[in-house]
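Now for the letters of each chain:
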Amino acid sequence: MNKIIYLFSIAILFLNGCNSVPHYSLSGMIDGSDSIMFYLQKREAGKTVIFDSALSKKGLFTMKGGSVNYPQLVQLVAGNSRKRVAFYLENSEINASGTLDSLFNTRFTGSKTQNEYDALLLLNKPLSDKYSKVYLDYQVAKRTNKPETVPILEARIDSIQKALIDIQKKYVSDHPKSYIVPSVLVSLSYDLNPEELEGLISGLDTSIVSLPQMKSLAERLKVMKLVEVGQKAPDFTLNDPAGKQVSLSSKTGQKLLLIDFWASWCNPCRQENPNVVKVYSEFHKKGFDVIGVSLDHNKDEWVKAISDDKLTWTHVFDQAGEAAKLYAVYSIPSNFLTDDKGVIIGRNLRGEDLYKKVKEILGK
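Calculation rules
Residues numbered from 1 in each chain as written. Predicted model: local features only at pLDDT ≥ 70, side-chain atom pairs only at ≥ 80, totals over all residues. Heavy atoms only, no water. Buried < 20%, exposed > 50% of the residue type's maximum accessible area, 1.4 Å probe, protein only. Helix = DSSP H or I, 4+ residues; strand = E, 2+ residues; numbered from the N terminus. Pairing = 2+ DSSP bridges. pLDDT = per-residue confidence, 0-100. Contact = heavy atoms within 4.5 Å. Axes fitted to C-alpha atoms, helices over the stretch in contact; angles between N-to-C directions. Arc of directions from axis to C-beta. Core = buried A, V, L, I, M, F, W, Y, C linked by side-chain atoms within 4.5 Å.

## Section: the pairing of strand β14 (residues 334-338)
Here's step 1: Where burial is concerned, most of β14 is hidden: five out of the five residues are buried.
Here's step 2: Here strand β11 (residues 256-262) runs beside β14; their pairing, made up of five bridges, is antiparallel. Paired with F261 across the two strands is S334, which belongs to β14.
Here's step 3: Across three bridges, β14 lies against strand β15 (residues 344-347) in antiparallel orientation. If you follow F336 over to β15, its bridge partner there is R347.
Here's step 4: The turn joining β14 and β15, which pair antiparallel and follow one another in sequence, is formed by five residues; a positive phi near 80 degrees is taken by G342.

## Re the confidence of the model for the protein
Reading fine detail from the predicted coordinates is not recommended where pLDDT is low.
Here's step 1: Averaged over every residue, the pLDDT of the protein is 90; residues scoring 70 or more account for 94%.
Here's step 2: Ignoring residues within four places in sequence, the model shows residues 1-19, a span with pLDDT below 50, making zero contacts including any to other chains.

## Topic: the sheet that holds strand β7 (residues 93-99)
Through backbone hydrogen bonds, the strands of a sheet pair up, either in parallel or in antiparallel fashion.
Here's step 1: Reading across the sheet, the four strands line up as β4-β1-β7-β8 and stay open at both edges, with mixed pairing between neighbours. Because the sheet does not close on itself, it has two edges, and the strands there are β4 (60-64) and β8 (107-109). Between one strand axis and the next, the sheet turns through 15 degrees on average, direction left out of account.
Here's step 2: When β7 meets β8, the two strands line up antiparallel, connected through three bridges.

## Thoughts on the sheet that holds strand β2 (residues 37-44)
Here's step 1: Pairing within the open sheet is antiparallel, and its four strands lie in the order β3-β2-β5-β6. Here the strands that pair on one side only, and so sit at the sheet edges, are β3 (47-55) and β6 (84-89). Adjacent strand axes in the sheet meet at a mean angle of 30 degrees when their direction is disregarded.
Here's step 2: Relative to β6, strand β5 (residues 72-78) runs antiparallel, the two sharing six bridges.

## Concerning helix α11 (residues 352-362)
Here's step 1: Those residues of α11 that sit buried are L354, Y355, V358 and L362. Down the axis of α11, the buried side of the element spans an arc of 95 degrees, and every buried residue falls inside it.
Here's step 2: Lining the buried residues of α11 we find β11, α8 (267-283) and β12 (288-294).

## Side note on unusual backbone geometry
Here's step 1: Going from I332 to P333, the amide bond is cis rather than trans, its omega being 5 degrees.
Here's step 2: The residue P333 is located in the loop between α10 (322-326) and β14 in this model.
Here's step 3: With a phi angle near 60 degrees, S35 is a residue other than glycine that sits in the positive phi range.
Here's step 4: Relative to the helices and strands, S35 is located in the loop between β1 (25-31) and β2.

## Notes on the nonpolar core
Here's step 1: Core analysis: the largest hydrophobic core is formed by 44 residues, its most contacted members being F236, I259, F261, F288 and Y327.
Here's step 2: When residues of this core are traced back to their parent elements, those giving at least two are β11, α8, β12, α9 (299-308), β13 (314-317), α10, β14 and α11.
Here's step 3: Ranked by residue count, the leading element in this core is β11, at six residues.
Here's step 4: Every residue in contact with F236, bar those within four places of it in the chain, is listed here: V246, S247, L248, I259, I291, V293, V316, A323, L326 and Y327.
Here's step 5: Counting residues in hydrophobic clusters, the runner-up holds 22 residues, among them I165, I180, V184 and L185.

Put into structure tokens, the structure is as follows:
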């Protein structure tokens, strides 16, 4: 009898042990999603992979039994549509509530990391709302041809952006163990120089530094250091619209050369193009030149945009992203200003900043 009790106790312990294995549970209530297959996706080794799924019934679905090694940003995707929402998944009981038509507004509860992310968004909200309003005013001023208000609005936009960056930098410094920090740092890496970025990383807990996203950021940081101000611009060779190969080194020698990464589908790029045209028109004869590096997917759309925007300088097609990778360009518009020796003397100069820099050197 004692042996039976002992064996039964072992079985209970074994079952309890199985149940105590960390796992996540995602329960969803998405109105309007009857018979919709929902997928969980994440980035892995540079690719998007599906790692869980569930079919909704009258808006309800559940995903159970899986586990993640650490809290990570994933996407909940509705079927084969473009409807999706990002959230932080961790080994806990998470609930999602929303509607299919506005899946991006889905609310998630039960994830401590998601709560941290929501708190950061709330902290940013007053400035984000202000930015949206000023940017809308800026677009109206550009569209209605009010040149006297454009520089004022650009200055306000820059000021708000700097304030938002300061909030994020402080968050990273104050939360060295937070799992949302890697995503915040990736966002900041578009605006900070390598030294600032490296300084923030140095203050993080080792548990965060060892994450795959941070390792990718460290590799990117190495490339960023090679293209910061004071470094020689790396050479590349790409085809122009006629299929003729053009190297960056063949353009070096001008007093100033702007390496301009853009694409026809990029609205901020198209809005910036008139500013570059203005600088080119005024200073080209004094030694300013541009090489446009397109990240377009469609050659015809690229060529049409060159014509529509009256971009009369040299253009090359970086469809595979080779030059972009060489320059650590992960968002556009992005540019690098070089001197007559091919040394980088400015980065991401836009609007009045580009005009002032070029005028400072060539306008004397």
